[in-house]
Amino acid sequence: MRYLLLVACVMIAGWSQAALPGSLPDGQNLPSLAPMLDRVTPTVVNIATYTTVQVRNPLLEDPFFRRFFNVPDQQRYRRTQSAGSGVVVDAGNGYIVTNNHVVERADEISITLADGRVLAAELVGTDPRVDLAVLKVAPEMLVQIEFADSGSIRVGDFVVAIGNPFGLNQTVTSGIVSALGRSGLGIEGYEDFIQTDASINPGNSGGALVDLSGRLVGINTAILAPAGGNVGIGFAIPANMVRAIMGQLIQHGEVRRGFLGLAVQGLNPQLAEAFGVDRREGVVVVEVEPDSAAARAGLRTGDIIVRLGERTIRRVTDFHGQAAVIFLGSRVPIEVLRDGRTRRMTLDVRDDPLEKVAGERIDRRLLGTVLQNFRGTEEAGSGAGVLVTEVTSGSAAWQSGVRPGDVIVSINRRAIRNLADLREGARLNEQQLLLRVYRSGQYGYIMIR
């Protein structure tokens, strides 16, 4: 489990942290974050989760051992507890945002407010690919946080983290924004992190990263700790992404993310020269899926995307970060450079939940399969996944063990709900496809290389 606590020392020119004067020379009070924190800390809560897990003992699973020692043939379970943080984002309806990894697999969730009250919480929905979850509690005298526009923050801006590390309630620390748009970390499916110079400790995942006005800049999520300890590199999910994802979770209980039908790569000097453009920022379209939103809009391979929705696209991170908040039913403007001219188009992201597709359109390693979105049973991936309707005998998928009727519920250890999730999960690992499938009442794993 990953947790985040930001700890940094704000240095003010000419002052020593060890010996601050009692007042400034002109008699003014020292600068303080206390007034802002008085308003914001009541919006941050402690989250306690309780989970029932099966106790596994290889000896007790051996039928001969059980018969010899007359051990009853029954499952054994134990109760575990963990903690994290969350942020009240809608006081009127009782909605709280936290990380998915804080509450996943929890049987019971309770919330402790800053004033000491304890409330039972129910899970509204989760998005494992962005690592966000929304909880709901009784809206009893709650205080909600105000969102900042995370698209306007800059490297060097001061930020403050509020959370509950190591069970220490209402702990406040400070730092700066170290970098923006961090990705490629292998933490989540969609990565567009705010990086900050901060030490991170257990219990602060899901807490608030705020600006000096007390507005939510991001949700604290993870750290980079190659030596097993803090090295001052922490990550938070940007507030703009949090707001978009939480809206989907509240409205639908899940994220109905659309598929654009594009494969892109970053623009570099060699490609810029080849396409005859004098810019060095943007992404190049290298593949367009037939009958996709991109194909219907008229995009072609070789187009250079410079804007998607309201976001300027400078690198691949920008593209995927914006794609994470494009949902089914959206009409999204896109701006490209083609033959030296700027062209503006609209992506019509349609909802076609039961469309059957050939597996190779998802990933070349699924050649020989026919797939479609699947809903309808609680046993199979919480009622969602991808159904295998056909498998060609002798194909790589068939030889690996994929069969018609299998329901794929995760890929490379990432839960999926639809074809778009399956496609994205395959894209993130070019070496292998580790599929978790539901077949005849049981789960199993299939590896395709």
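Each chain has its residues counted from 1, following the order in which its sequence is written. Reporting in this predicted model follows two pLDDT cut-offs: at least 70 for local features of residues, and 80 or more for side-chain atom pairs to be given and counted; totals over whole chains, interfaces and linings ignore these cut-offs and use all residues. No hydrogens and no water enter the side-chain calculation; it runs on all heavy atoms of the structure.

Novice: Residues and numbers for the overall build of the chain, please.
Specialist: Secondary structure elements are taken from DSSP: a helix is a run of H or I of four residues or more, a strand is a run of E of two residues or more, and numbering for both begins at the N terminus. A count of helical and extended segments in the chain gives ten helices and 26 strands. Counting the 449 residues in the chain, one finds 48% classified as buried. The contact rule is simple, with two residues in contact once any of their heavy atoms fall within 4.5 Å. When contacts within the chain are restricted to residue pairs at least 6 apart in sequence, long-range pairs at least 24 apart make up 60% of them. Here, Shrake-Rupley sampling with a 1.4 Å probe gives the accessible areas, and only protein chains in the shown set may cover a residue. Carbon and sulfur atoms make up 48% of the accessible area of the chain, which amounts to about 21,900 Å² in all. Exposed residues in this analysis have more than 50% of their type's maximum accessible area, buried residues have under 20%, and partly exposed residues fall in between, with area computed by a 1.4 Å probe over protein chains only.

Novice: Can you explain helix α4 (residues 239-252)? Please cite residues and give values.
Specialist: By definition here, a helix of n residues has an expected span of 1.5 Å times n minus one. Compared with an ideal rise of 1.5 Å per residue, which puts 14 residues at 20 Å, α4 spans 20 Å between its outermost C-alpha atoms and is within 8% of the ideal. Along α4, the positions that sit buried rather than exposed are A239, M241, V242, I245, M246, Q248 and L249. Looking one or two residues beyond α4, the residue adopting positive phi is G253, at roughly 80°.

Novice: So, the pairing of strand β26 (residues 442-448): which residues are in play, and what are the values?
Specialist: DSSP calls a pair of strands paired once it identifies at least 2 bridges connecting them. Judged from the seven bridges that link them, strand β25 (residues 433-439) and β26 form a sheet pairing that is antiparallel. Paired with R436 across the two strands is Y445, which belongs to β26. Hairpin connection from β25 to β26: two residues lie between these consecutive antiparallel strands, with S440 at a positive phi of about 50°.

Novice: Explain helix α7 (residues 316-323) residue by residue, including any values.
Specialist: Of all eight residues in α7, seven are buried, a share of seventy percent or more. Along α7, the positions that sit buried rather than exposed are T317, D318, F319, H320, G321, Q322 and A323.

Novice: How would you summarise the nonpolar core if you had to cite specific residues and measurements?
Specialist: Buried residues of nine kinds, namely Ala, Val, Leu, Ile, Met, Phe, Trp, Tyr and Cys, make up a nonpolar core once their side-chain atoms join them within 4.5 Å. If you look at the biggest cluster of nonpolar residues, it comprises 32 residues, and the most contacted ones within it are V97, L132, I145, V210 and I245. For I145, the residues in contact, after removing those within four places along its chain, are V40, T43, V87, V88, V89, A208, V210, G214 and L216.

Novice: Summarise the side chain of R338; cite the residues concerned and give the values.
Specialist: Relative to the assigned elements, R338 resides in strand β18 (residues 331-338). If sequence neighbours within four positions are ignored, R338 has contacts with G298, L299, R300, D303, R343 and M345.

Novice: Residues and numbers for the packing of aromatic side chains, please.
Specialist: Two rings belonging to Phe, Tyr or Trp (six-membered ring only in the last case) form a pair when the distance between their centres is within 6.5 Å. Interplanar angles under 30 degrees mark stacking, angles over 60 mark edge-to-face geometry, and anything in between is tilted. Counting across every chain of the model gives two aromatic pairs. Ring geometry for F193 and F235: centres 5.7 Å apart, planes at 45°, overall tilted. Taken together, the positions of F193 in strand β10 (residues 193-196) and F235 in strand β13 (residues 234-238) put the pair 42 residues apart, joining distant regions of the chain. Accessibility classification places F193 together with F235 in one group, the buried group. Distance and angle both matter: a charge sits over a ring if NZ of Lys or CZ of Arg is within 6 Å of the ring centre and within 35 degrees of the ring normal. Of note, K136 hangs over the ring of Y95, and the distance from its end group to the ring centre comes to 4.7 Å.

Novice: Could you give me a rundown of the confidence of the model for the chain, with the residues and numbers involved?
Specialist: Confidence along the chain averages 81 in pLDDT terms, with 80% of residues attaining 70 or more. Within the model, pLDDT remains below 50 along residues 1-22, and this stretch shows 65 contacts once partners closer than five positions in the same chain are excluded. pLDDT is a residue-level measure of predictor confidence that goes from 0 to 100. This stretch, residues 377-382, has a pLDDT under 50; its non-local contacts, to residues over four places away or in other chains, come to twelve contacts.

Novice: Tell me about the environment of I194, and please be specific about residues and values.
Specialist: Secondary-structure assignment places I194 in strand β10. When the C-alpha atoms of I194 and S150 are compared, they prove to be 9.0 Å apart, with 44 residues separating the residues in sequence.

Novice: Residue-level account of unusual backbone geometry, with values.
Specialist: The backbone of D131 sits at a positive phi, close to 65°, despite the residue not being glycine. Here D131 shows up in the loop between β5 (118-127) and β6 (132-136). Phi angles above zero are rare outside glycine, and D339 is one such case at about 55°.

Novice: Talk me through the pattern of salt bridges; I want residue IDs and the actual numbers.
Specialist: Salt bridge, as used here: a side-chain nitrogen of Lys or Arg that lies within 4 Å of a carboxyl oxygen of Asp or Glu. A complete count under the given rule lists 15 salt bridges for this structure. We note a salt bridge from D303 to R338, for which the minimum N-O separation is 2.8 Å. Of this pair, D303 sits in the loop between α6 (293-297) and β16 (304-308) while R338 sits in strand β18, placing them 35 residues apart in sequence. Of the two residues examined, D303 and R338, each falls in the buried class. A cluster of three or more residues bridged by salt bridges with shared partners is formed by D192, R311, R315 and D318.

Novice: Describe the environment of V97, and please don't skip the residues or the numbers.
Specialist: Within the element layout of this structure, V97 appears in strand β3 (residues 95-98). Residues V97 and V242 lie 145 residues apart in sequence; the distance between their C-alpha atoms is 8.2 Å. Non-local contacts of V97, meaning those with residues more than four positions away in its chain, are made with G86, V87, V89, L132, A133, V134, G206, I219, V242 and M246.

Novice: Break down the side chain of D192 for me, with residues and values.
Specialist: Its location among the elements puts D192 in the loop between β9 (171-182) and β10. Take D192: its relative accessible area is 7%, and that puts it in the buried class. Among residues more than four places away in sequence, those in contact with D192 are G181, R182, P238, M241, R311, T317 and G321.

Novice: I'd like a description of a nonpolar patch on the surface, backed by residues and values.
Specialist: Only residues above 30% relative accessible area that lack a salt bridge enter a patch, with like-charged residues linked at up to 9 Å and the nonpolar side chains Val, Leu, Ile, Met, Phe, Trp and Tyr linked at up to 5 Å. Side chains of L33, F158 and L212 sit close together on the surface and give an oily, nonpolar patch of about 240 Å² of accessible area. With respect to the helices and strands, L212 occurs in the loop between β11 (208-210) and β12 (215-223).

Novice: Account for the pairing of β5, with residues named and values stated.
Specialist: The pairing of strand β4 (residues 108-112) with β5 spans four bridges and is classified as antiparallel. From the neighbouring strand, T112 faces β5, where its bridge partner is V118. Hairpin connection of β4 to β5: five residues between the antiparallel strands, including G116 at a positive phi of 95°. Inspection of the sheet shows β5 paired to β6 by five bridges, in the antiparallel sense.

Novice: Give a description of the environment of P139 that names residues and reports values.
Specialist: Its location among the elements puts P139 in the loop between β6 and β7 (146-147). Beyond its immediate chain neighbours, meaning those up to four positions away, P139 contacts A91, G92, N93 and G94.

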